[in-house]
Amino acid sequence: MEALAVNDAATSGGELAGQSILVTGAHGLLGSWLVKALLEAGASVVTIRRDEPALSTLELLGLATRVDTVHGDIATEGLIERALAEYEVDGVFHLAAQTLVGTANRSPLSTFETNIRGTWLVLEAARQHGVQRLVVASSDKAYGRQEELPYREDQQLRARYPYDVSKAAADMLARSYWHTFSLPVAVTRFANLYGGGDTNRSRLIPEAVCAVLAGRPPVVRSDGSPERDFLYVEDAVRAYLALWQALGRGLGRGEAFNAGGGHAYRVGEIVQLICLLSGTEVAPDIRGRGTPHGEIDRQWVDASKLTELTGWRPQVDLKDGLQRTLEWYRDHPEMWQR
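Residues numbered from 1 in each chain as written. Predicted model: local features only at pLDDT ≥ 70, side-chain atom pairs only at ≥ 80, totals over all residues. Heavy atoms only, no water.

K.L.:
Break down the packing of helix 3 (residues 29-40) against helix 10 (residues 233-248) for me, citing the residues and quoting the values.
P.N.:
With their axes 9 Å apart at the nearest point, helix 3 and helix 10 run at an angle of 60 degrees to one another. It follows from the interaxial angle that helix 3 and helix 10 lie oblique. The handedness of the crossing between helix 3 and helix 10 is right-handed. Mapping the contact onto sequence places Leu29, Leu30, Trp33, Leu34, Ala37 and Leu38 in helix 3 and Val233, Glu234, Ala236, Val237, Tyr240 and Leu241 in helix 10. Split into classes, the residues belonging to the contact of helix 3 with helix 10 amount to 11 nonpolar, no polar and 1 charged. (Axes fitted to C-alpha atoms, helices over the stretch in contact; angles between N-to-C directions. Helix = DSSP H or I, 4+ residues; strand = E, 2+ residues; numbered from the N terminus. Parallel < 35°, antiparallel > 145°, perpendicular 65-115°, else oblique. Left-handed = near helix turned anticlockwise from the far one by under 90°. Contact = heavy atoms within 4.5 Å. Nonpolar A, V, L, I, M, F, W, Y, C, P; charged D, E, K, R; others polar.)

See the structure below:
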């Protein structure tokens, strides 16, 4: 299939100007940077907000006052229908999820409520409302442990732990709405995202960055050997916008798409590189053995399907992305001086 001609203009302004777009999960890392791109493209943005944490990425980016906010939990029946109807929403990016493996292991029911029930309520509301396009965030974790790497979209999903299973279930639900109801939906299975503004210190990169800037040794919960694929957040946004354009041309509907940085890195390598780029003298504090329970030791994705369809490729390599991330956090000391 011939790739679409994808560039910032093609995937943003021409497709989104004047559109009303609902972004669930807009206060998280990916959601906030996606909202930024949508606003720059001339779209009006509606968000859902359940909690009000002390730090919100959307607020740190100075965008919270530029969006319409519906307060409530996406797992509450009727909330999404109201948002779609009252704000005359044209399309949806569904990113809201409980994203932490450890939390899912400790509290699987609340994870299933948000990730599975929340997704089917979004899908059903979108079907009833007749939205023009819908992109649903799954995860590379939905693949589970596979004998062949990197992950490809035609592989069977083999999730076995609560978080992974919740994303696999949401993934299959979303695709079923195209095959059964012709809802124009695509699913993303992206690698680990990173970049400026991630307020979740339980994740590897933001915690390591905050630690080195504060002069503390960054803690590694494994032995440093697990391998992961990392995608810079602005590259992820470009991938979402590329899929949005494809859906508008009747392409990619009912399908899943990978995106990643193109390489797998050992966790220990990532933390060592952060220490090096920071210019400090701290070193990683390795506290774990092997791979933490409930996590997979080796994960990375093949993004060639998305590239063939849209022309998308990551533009920011790991070293550059980590340098940009460090600079962002240096400019926001409230993130690490606490």
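What follows continues from the structure just given.
K.L.:
Which residues make up the confidence of the model for the protein, and what values do they have?
P.N.:
Scored by pLDDT, the protein comes out at a mean of 92, with 95% of its residues at no less than 70. When the criterion is pLDDT under 50, residues 9-13 qualifies, and its contacts beyond four places in sequence or with other chains add up to 14 contacts. (pLDDT = per-residue confidence, 0-100.)

K.L.:
Lay out the environment of Leu149 in plain terms, naming residues and giving numbers.
P.N.:
Checked against the element boundaries, Leu149 lands in the loop between strand 5 (133-137) and helix 8 (162-181). The class of Leu149 is partly exposed, set by a relative accessible area of 24%. In the structure, Leu149 is positioned 152 residues away from Val301 in sequence and 7.4 Å away in space, judged by C-alpha atoms. (Buried < 20%, exposed > 50% of the residue type's maximum accessible area, 1.4 Å probe, protein only.)

K.L.:
I'd like a rundown of the packing of aromatic side chains, residues and numbers included.
P.N.:
Enumeration over the complete set of coordinates arrives at 8 aromatic pairs. Here the aromatic rings of Phe93 and Trp244 are separated by 4.5 Å at their centres, their planes lie at 25 degrees, and the arrangement is stacked. Residue Phe93 is found in strand 4 (residues 91-94), and its partner Trp244 is found in helix 10; the two are separated by 151 residues along the sequence. Take Phe93: its relative accessible area is 0%, and that puts it in the buried class. (Phe/Tyr/Trp six-rings, centres within 6.5 Å; stacked < 30°, edge-to-face > 60°.)

K.L.:
Tell me about helix 5 (residues 79-86), and name the residues and values.
P.N.:
All of the buried residues along helix 5 are Leu79, Ile80, Ala83 and Leu84. Relative to the axis of helix 5, the buried residues are bounded by an arc of 130 degrees and lie together on one face. Buried residues belonging to helix 5 abut strand 1 (20-24), strand 2 (44-49), strand 3 (68-71), strand 4 and helix 7 (108-129). Backbone geometry just after helix 5 places Glu88 at a positive phi near 45 degrees. (Arc of directions from axis to C-beta.)

K.L.:
Explain the environment of Pro53 residue by residue, including any values.
P.N.:
Note on placement: Pro53 falls in the loop between strand 2 and helix 4 (57-60). Separated by 26 residues in the primary sequence, Pro53 and His27 place their C-alpha atoms 9.7 Å from one another.

K.L.:
Explain the side chain of Gln19 to me, and be specific about the residues and the numbers.
P.N.:
Among the structural elements, Gln19 can be located in the loop between helix 2 (13-16) and strand 1. Not counting residues up to four positions away in its chain, the partners in contact with Gln19 are Ala43, Ser44, Asp90 and Gln132.

K.L.:
Quick rundown of the sheet that holds strand 4? Include the residues and the values.
P.N.:
Reading across the sheet, the 7 strands line up as 3-2-1-4-5-6-11 and stay open at both edges, with parallel pairing between neighbours. Only two strands of the sheet have a single partner each, and these edge strands are strand 3 and strand 11 (256-259). Adjacent strand axes in the sheet meet at a mean angle of 20 degrees, parallel and antiparallel pairs treated alike. Sheet contacts for helix 3: strand 1, strand 2 and strand 4; angle to strand 1, the most-contacted strand, approximately 170 degrees. Its contacts with the sheet place helix 10 against strand 1, strand 4, strand 5, strand 6 (185-190) and strand 11, and it is angled at close to 145 degrees to strand 5. (Pairing = 2+ DSSP bridges.)

K.L.:
Please provide a residue-by-residue account of the pattern of salt bridges, values included.
P.N.:
In the structure shown here, the tally under the stated rule is 24 salt bridges. Lys141 is paired through a salt bridge with Asp140; the nearest N and O atoms lie 3.2 Å apart. Put simply, Asp320 and Arg324 hold a salt bridge, and the shortest N to O gap is 3.2 Å. Highlighted residues: Asp320 and Arg324, both in helix 13 (residues 318-330), separated by 4 residues, approximately one helical turn. When its relative accessible area of 31% is taken as the criterion, Asp320 is described as partly exposed. (Salt bridge = Lys/Arg side-chain N within 4 Å of Asp/Glu carboxyl O.)

K.L.:
Describe the environment of Glu281, naming the residues involved and giving the relevant values.
P.N.:
Within the fold, Glu281 resides in the loop between helix 11 (267-278) and strand 13 (285-286). Exposure remark for Glu281: the relative accessible area of 82% places this residue in the exposed category. Distance in space between the C-alpha atoms of Glu281 and Pro217 is 9.1 Å, their sequence separation being 64 residues.

K.L.:
Which residues make up unusual backbone geometry, and what values go with them?
P.N.:
Going from Leu149 to Pro150, the amide bond is cis rather than trans, its omega being 5 degrees. Relative to the helices and strands, Pro150 resides in the loop between strand 5 and helix 8. Within the chain, Glu88 stands out as a residue other than glycine whose phi angle is a positive 45 degrees. On the secondary structure map, Glu88 appears in the loop between helix 5 and strand 4. Taking relative accessible area as the criterion, Glu88 reaches 62% and is therefore assigned exposed.

K.L.:
So, the nonpolar core: which residues are in play, and what are the values?
P.N.:
Within the largest apolar cluster, 71 residues are counted, with the highest numbers of intra-cluster contacts made by Val23, Leu34, Val35, Leu38, Phe93, Tyr240 and Ile274. Top contributing element to this core by residue count: helix 10, with 11 residues. By size, the runner-up hydrophobic cluster in this structure holds 25 residues, among which are Leu79, Val122, Val136 and Ala174. (Core = buried A, V, L, I, M, F, W, Y, C linked by side-chain atoms within 4.5 Å.)

K.L.:
Give a description of the pairing of strand 5 that names residues and reports values.
P.N.:
Of all 5 residues in strand 5, 5 are buried, a share of seventy percent or more. Residues Arg133, Val135 and Ala137 point to one face of strand 5 and Leu134 and Val136 to the other, with burial holding for every one of them. For strand 4 and strand 5, the ladder comprises 4 bridges, and the chain directions are parallel. Bridge assignment links Phe93 to a residue of strand 5, and that residue is Val135. For strand 5 and strand 6, the ladder comprises 4 bridges, and the chain directions are parallel. Within strand 6, the position partnered with Val136 by the bridge is Val187. Running through helix 8, the crossover from strand 5 to the neighbouring parallel element strand 6 is right-handed. (Right-handed = clockwise from strand over helix to strand, strands pointing away.)

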